[in-house]
Amino acid sequence: MEYPINKGIGRSVEYKGLKAQYLFIFAGGLLALFVMFVIMYIAGISQWICIGFGITGASLLVWLTFHLNAKYGEHGLMKLGAVKYHPRYIINRLRLNRLIKGNKR
C-alpha cells in the first residue's frame, strides 16, 4: 500500500486529512499514550485496565486532533496561540495637549 504524504512542493505535510502541526500532535500523543501504557503495565496494573486506558486515550486523541484540524485549519493553532500576545486595547497616558502638539524633543 502507498500512502501519499506530501502533495506537492511548497505545501504542508498532510496525512489522512491531518495537516501540519496536527500530524505531529497526533504522532506525539500516540507515542505518549504508548509509553504510559508500558509504564502502567510494568508497574503491575491489571492488563485490562491498561488496555482500557490505551483504547480510551487513543480514541480521545484521534477525535480531538481531527476536531481541532476541522475547527481551526492548517494554521489555526498558531493563530490561537498568538492571540495571547496581542494587546486587547492600547492605553495612551499622555495628556491631551501633548497628543495634539506632538513631542518637541
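Refer to the preceding data block for the structure.
Keep in mind that what you see is a predicted model, and the values were worked out from it rather than measured.

## Observations concerning helix 1 (residues 21-42)
Its 22 residues give helix 1 an end-to-end C-alpha distance of 31 Å, which sits within 8% of 32 Å, the value for a rise of 1.5 Å per residue. Those residues of helix 1 that fall on the buried side of the exposure criterion are Gln21, Tyr22, Leu23, Phe26, Gly29, Leu33 and Met40.

## Quick notes on helix 2 (residues 47-72)
With 26 residues, helix 2 should cover 38 Å at 1.5 Å per step; its first-to-last C-alpha distance of 37 Å lies within 8% of that length. Two residues or fewer after helix 2 comes Gly73, characterised by a positive phi angle close to 80°.

## Things to note about the environment of Leu33
Summarising the element assignment, Leu33 is placed in helix 1. Leu33 gets classed as buried once you look at its relative accessible area, which sits at 17%. For Leu33 and Phe53, which are 20 residues apart along the polypeptide, the C-alpha to C-alpha distance reads 8.7 Å. In contact with Leu33, other than residues within four places in its own chain, are Phe53, Gly57, Ala58 and Leu61.

Cut-off values and rules
Residues numbered from 1 in each chain as written. Predicted model: local features only at pLDDT ≥ 70, side-chain atom pairs only at ≥ 80, totals over all residues. Heavy atoms only, no water. Helix = DSSP H or I, 4+ residues; strand = E, 2+ residues; numbered from the N terminus. Expected span 1.5 Å × (residues − 1). Buried < 20%, exposed > 50% of the residue type's maximum accessible area, 1.4 Å probe, protein only. Contact = heavy atoms within 4.5 Å.

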